[in-house]
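One letter stands for each residue in the lines below.
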Amino acid sequence: DVKVTQSSRYLVKRTGEKVFLECVQDMDHENMFWYRQDPGLGLRLIYFSYDVKMKEKGDIPEGYSVSREKKERFSLILESASTNQTSMYLCASWTLYTGQGAIDTEAFFGQGTRLTVV
Amino acid sequence: AQKVTQAQTEISVVEKEDVTLDCVYETRDTTYYLFWYKQPPSGELVFLIRRNSFDEQNEISGRYSWNFQKSTSSFNFTITASQVVDSAVYFCALSGLDRLNAGNNRKLIWGLGTSLAVNP
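All of these numbers come straight from a predicted model, not from anything done at the bench.

Reading the values: rules and limits
Residues numbered from 1 in each chain as written. Chains lettered and ligands numbered in written order. Predicted model: local features only at pLDDT ≥ 70, side-chain atom pairs only at ≥ 80, totals over all residues. Heavy atoms only, no water. Phe/Tyr/Trp six-rings, centres within 6.5 Å; stacked < 30°, edge-to-face > 60°. Helix = DSSP H or I, 4+ residues; strand = E, 2+ residues; numbered from the N terminus. Buried < 20%, exposed > 50% of the residue type's maximum accessible area, 1.4 Å probe, protein only. Core = buried A, V, L, I, M, F, W, Y, C linked by side-chain atoms within 4.5 Å. Contact = heavy atoms within 4.5 Å. Pairing = 2+ DSSP bridges. Axes fitted to C-alpha atoms, helices over the stretch in contact; angles between N-to-C directions. pLDDT = per-residue confidence, 0-100. Salt bridge = Lys/Arg side-chain N within 4 Å of Asp/Glu carboxyl O. Polar contact = N/O pair within 3.5 Å; in protein donor to acceptor, adjacent residues only side chain to side chain. Disulfide = S-S within 2.5 Å.

Brief notes about the packing of aromatic side chains
Then step 1. Tallied over the full model, the rule gives 22 aromatic pairs over all chains.
Then step 2. Geometrically, the ring pair formed by Trp 94 of chain A and Phe 35 of chain B is edge-to-face, given 6.0 Å between the ring centres and 70° between the ring planes. Of this pair, Trp 94 of chain A sits in strand β9 (residues 87–94) while Phe 35 of chain B sits in strand β5 (residues 32–39), each in a different chain.
Then step 3. Judged by its relative accessible area of 0%, Trp 94 of chain A falls in the buried class.

Structure below.
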């Protein structure tokens, strides 16, 4: 019954390292998202993708990049990890079409990756 | 602009009490969706309900009920006879259908969440 899987539950990295967070979904959803969650700040959107090789910046893209080479996989990349990127990272996927025959679903989330940068 | 406000940061109740979590939203879209998610201590967000802006019927699912009022732009969530297992952070979210800007309809606007503690 697994729908969205994040590659790691806990991760500890050193400052300056390049970090890859992987997310895979098995629901054939077009849209995938990366959020970070910090106490008191809720969920903040980093990047999202609405198709293979397409990406759009969210609210806090600085210091991050993403890759969507296949529909089911959306990777978040920390180019040079810093301590202020210590956070919980959540991946989500969903489908919502406009126009004729609109189809909608709820967003499905992975279990989260708690990243600590030391 | 789209915005979701969950004014209650933390709520603490005793088991079996009823509790209502407030959600107020802002949007200029005529068609939109509202959501509630639960995040237990394990961390994964769990979908609870989706409501279409054209459907103002209230919904009940077991001990959970939702009150959607477009006139006040609110989508409140009530837990009846709360239990310890209800302890979690609850998020309200909004997504609009923006036919002029395709990027907007794929994003969820989140409230900051309400942390509910149900004590035995």
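Notes on the nonpolar core
Then step 1. Judged by nonpolar contacts, the single largest core of 23 residues is most densely connected at Trp 36, Phe 77, Tyr 90 and Leu 116 of chain B.
Then step 2. Mapped by element, the contributors of at least two residues to this core are β2 (10–14), β3 (19–21), β5, β8 (64–69), β9 (74–79), β10 (88–96) and β12 (114–119) of chain B.
Then step 3. Sorting elements by how many residues they give to this core places β10 of chain B first, with 4 residues.
Then step 4. Not counting residues up to four positions away in its chain, the partners in contact with Tyr 90 of chain B are Gln 6, Leu 21, Trp 36, Tyr 37, Lys 38, Leu 48, Tyr 64, Phe 77, Ile 79, Gly 113, Thr 114 and Leu 116 of chain B.
Then step 5. One finds Val 4, Leu 11, Tyr 64 and Phe 74 of chain A within the second-largest nonpolar core, a separate group that totals 21 residues.

Topic: the sheet that holds strand β3 (residues 19–25) of chain A
Residue and element names in this part refer to chain A.
Then step 1. Ordered in space as β1-β3-β8-β7, the 4 strands form an open sheet in which the pairing is antiparallel. Strands with a single pairing partner mark the edges of an open sheet, and in this sheet they are β1 (4–6) and β7 (64–70). With direction set aside, neighbouring strand axes in the sheet form an average angle of 20°.

Considerations on unusual backbone geometry
Then step 1. In this model, Asp 28 of chain A sits at a positive phi of 60°, which is unusual for a non-glycine residue.
Then step 2. Here Asp 28 of chain A shows up in the loop between β3 and β4 (31–38).

Let's talk about the confidence of the model for chain A
Note: predicted coordinates in regions of low pLDDT should not be interpreted at a detailed level.
Then step 1. Residues at a pLDDT of 70 or more form 90% of chain A, whose mean pLDDT is 90.
Then step 2. With pLDDT under 50 throughout, residues 98–102 of chain A is counted as low confidence; its partners more than four residues away or in other chains account for 5 contacts.

Some remarks on the pairing of strand β11 (residues 113–117) of chain A
All names here are of chain A.
Then step 1. Only one face of β11 is buried: it carries Thr 113, Leu 115 and Val 117, and the other face, with Arg 114 and Thr 116, is open.
Then step 2. Sheet topology places strand β2 (residues 10–13) next to β11; 4 bridges connect them, and they run parallel. Paired with Val 12 across the two strands is Thr 116, which belongs to β11.
Then step 3. With 3 bridges connecting them, β9 and β11 associate as antiparallel partners. Bridged to Ser 87 within β11 is Leu 115.

Topic: the pattern of salt bridges
Then step 1. Enumeration over the complete set of coordinates arrives at 10 salt bridges over all chains.
Then step 2. Here Arg 36 of chain A and Asp 38 of chain A are joined by a salt bridge, their closest N and O atoms 2.9 Å apart. Per residue, the accessibility class of Arg 36 of chain A equals that of Asp 38 of chain A, and both read buried.
Then step 3. Between Arg 51 of chain B and Glu 59 of chain B there is a salt bridge whose closest N-O contact spans 2.7 Å.
Then step 4. Judged by relative accessible area, which is 30%, Glu 59 of chain B ranks as partly exposed.
Then step 5. What emerges from the salt-bridge pattern is a single network uniting Asp 28, Glu 30 and Lys 71 of chain A.

Looking at the environment of Glu 69 of chain A
All names here are of chain A.
Then step 1. Along the polypeptide, Glu 69 turns up in strand β7.
Then step 2. In the structure, Glu 69 is positioned 40 residues away from Phe 109 in sequence and 20 Å away in space, judged by C-alpha atoms.
Then step 3. If we skip the residues at most four places from it in the chain, Glu 69 touches Val 52 and Lys 53.
Then step 4. Only 2.4 Å separates the side chain of Glu 69 from the side chain of Lys 53, close enough to count as a polar contact.

Section: the side chain of Ser 74 of chain B
Then step 1. If you trace the backbone, Ser 74 of chain B turns up in strand β9.
Then step 2. A polar atom in the side chain of Ser 74 of chain B sits 2.9 Å from the side chain of Thr 72 of chain B.

Some words on the state of the cysteines
Then step 1. A full pass over the atoms with the stated rule returns 2 disulfides over all chains.
Then step 2. The disulfide partner of Cys 23 of chain A is Cys 91 of chain A, and the S-S distance across this bridge is 1.9 Å. On the S-S bond that ties Cys 23 of chain A to Cys 91 of chain A, the torsion sits near -80°, and the link is left-handed. With Cys 23 of chain A in strand β3 and Cys 91 of chain A in strand β9, the pair connects residues that are 68 residues apart, well separated along the chain. Neither residue differs from the other here; Cys 23 of chain A and Cys 91 of chain A are each classed as buried.
Then step 3. Through a disulfide, Cys 23 of chain B is tied to Cys 92 of chain B; the S-S separation comes to 1.9 Å. Looking along the S-S bond of the Cys 23 of chain B-Cys 92 of chain B disulfide, the torsion reads about -65°, which is the left-handed sense. Highlighted residues: Cys 23 of chain B in the loop between β3 and β4 (24–26) and Cys 92 of chain B in strand β10, separated in sequence by 69 residues. Of the two residues, Cys 23 of chain B and Cys 92 of chain B, both sit in the buried class.

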